[in-house]
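So the chains spell out like this:
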Amino acid sequence: MTGDPAGYRERVFSANDGVRLYFRDYAPVRTGDRPAVLCLPGLARNSKDFDGLARHLAARGRRIVVPDYRGRGRSGRCSDWRDYAPARIVEDIRHLLDVAGLHRIVVIGTSLGGAIAMALGAMTPSRLAGAVLNDIGPDVTEGESGAILRYVGQDHPVPDWESAIAWLQGLMPDLSFTTAQQWRDFAEATFVPGTDGMLHLDWDPAIALPFARGDAGGYDLWALFGSLKPFPLLVVRGGVSRILTEPTFERMTREHPSCLSLTLPGVGHAPALTEPPCLEAIDGLLSPLI
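All values derive from a computational prediction rather than experimental measurement.

Criteria and thresholds
Residues numbered from 1 in each chain as written. Predicted model: local features only at pLDDT ≥ 70, side-chain atom pairs only at ≥ 80, totals over all residues. Heavy atoms only, no water. Disulfide = S-S within 2.5 Å. Buried < 20%, exposed > 50% of the residue type's maximum accessible area, 1.4 Å probe, protein only. Helix = DSSP H or I, 4+ residues; strand = E, 2+ residues; numbered from the N terminus. Contact = heavy atoms within 4.5 Å. Phe/Tyr/Trp six-rings, centres within 6.5 Å; stacked < 30°, edge-to-face > 60°. Lys NZ or Arg CZ within 6 Å of the ring centre and 35° of its normal. Pairing = 2+ DSSP bridges. Axes fitted to C-alpha atoms, helices over the stretch in contact; angles between N-to-C directions. Arc of directions from axis to C-beta.

Asks: Please explain the state of the cysteines as it appears in this structure.
Replies: Here, disulfide denotes a covalent bond that connects the sulfur atoms of two cysteines. With the rule as written, the count across this model stands at zero disulfides. Its sulfur unpaired, Cys 39 is 13 Å from the next cysteine sulfur, which belongs to Cys 278. We classify Cys 278 as buried; its relative accessible area is 0%.

Asks: In this structure, what is going on with the environment of His 103? I would like to understand it.
Replies: Along the chain, His 103 falls in the loop between α2 (86-99) and β5 (105-110). With relative accessibility at 61%, the residue His 103 sits in the exposed group. The spacing of His 103 and Leu 285 is 182 residues in sequence and 19 Å in space, taken between C-alpha atoms. Once residues lying within four places of it in the same chain are set aside, the contact partners of His 103 are Ser 126 and Arg 127.

Asks: Got a minute to help me understand the packing of aromatic side chains in this structure?
Replies: Pairs of aromatic rings are described using the distance from one ring centre to the other and the angle between the two planes. Counted by the stated rule, this structure contains eight aromatic pairs. Ring centres of Trp 222 and Phe 225 lie 5.8 Å apart, and the angle between their planes is 85 degrees; this geometry places the pair in the edge-to-face category. Here Trp 222 and its partner Phe 225 are both found in helix α8 (residues 221-226), three residues apart, which amounts to about one turn of the helix. Taking the relative accessible area as the measure of exposure, Trp 222 reaches 16% and is therefore buried. We classify Phe 225 as buried; its relative accessible area is 0%. Site record: aromatic cluster; members linked through ring pairs are Tyr 151, Trp 167 and Phe 191. One Lys or Arg, Arg 251, reaches over the ring of Trp 222 and ends 3.6 Å from the middle of that ring.

Asks: Got a minute to help me understand the sheet that holds strand β3 (residues 36-40) in this structure?
Replies: Remark on secondary structure: sheet strands pair via backbone hydrogen bonds, oriented parallel or antiparallel. Spatial ordering of the open sheet is given by β1-β2-β4-β3-β5-β6-β9-β10, a layout of eight strands whose pairing is mixed. Every other strand in the sheet has two partners, leaving β1 (9-14) and β10 (259-264) as the edge strands with one partner each. Averaged over neighbouring strand pairs, the angle between their axes works out to 20 degrees when direction is ignored. One ladder, built from two bridges, connects β3 with strand β4 (residues 64-68); its direction is parallel. Looking at the pairing, Val 37 lines up with Ile 64 of β4.

Asks: How do you make sense of helix α10 (residues 276-286) when you look at a structure like this?
Replies: In an α-helix, one turn spans 3.6 residues, which is why side chains three or four residues apart end up on the same side. Burial in α10 covers these residues: Cys 278, Leu 279, Ala 281, Ile 282, Leu 285 and Leu 286. Along the long axis of α10, the arc covered by the buried residues comes to 165 degrees, so they all point the same way. Away from the buried face of α10 by more than 90 degrees, exposed residues Pro 276 and Glu 280 are located. Tucked inside the fold, the buried residues of α10 contact β3, α1 (51-58), β5, β6 (128-134), β9 (233-238) and β10.

As structure tokens, this is what we get:
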């Protein structure tokens, strides 16, 4: 464990199969009995994506825990691609709950992280206090998921940060970023310098293989979504997202008895959750949970 003057601790633990797993722990001095917040990134993303939201929530007295999944960011890589299967990741997160002492949590999950949040609702309901699903639902268009897997499944080395930013802007032009610094921060959360002097994507391309080869676990996501019905829920959708479609979004809001919903016009997959309407909606979900 190491301290960080920026406001979080860097912590590591070993998964059940020995893989080294990393997470950030934003822990205010006083949290009282408030539920902690567990932030779960998308398929190829890592803990850096949640830094802005984590700082916002920590300043309001919440403890925030954000992991790097196996094969991403500062967590260890696996020699066998089968060890990147979703069931392994869910097992890692359940282990993390014990390691970090998270007894009551609100889960904020982007894309794959939202699917894991649904699984936690079914598997560990006694720990769950609420959830935020960011641009993910029980139905995902196969063509769109295939497009994601194609770029996730191969490295894309670039010579400098300007090239990294240009590639990301071409790949994801509908993100909500409006400043050069936001794009630079996103690039630095996506690429890392390699020993060859190039910048490389900060994940193992093999993480795409369990999904591409049909080893994604066979979960019934509508059944898992149903497990969230007893809990406060916020669903966020990018207005031009092709991952969480409008029909799926509308069905989710109908089937959950008290679902809060937010659409960000003109934004694609996935909202950063630091957009002012998102911060306001997340604060609103969390404020009664004391």
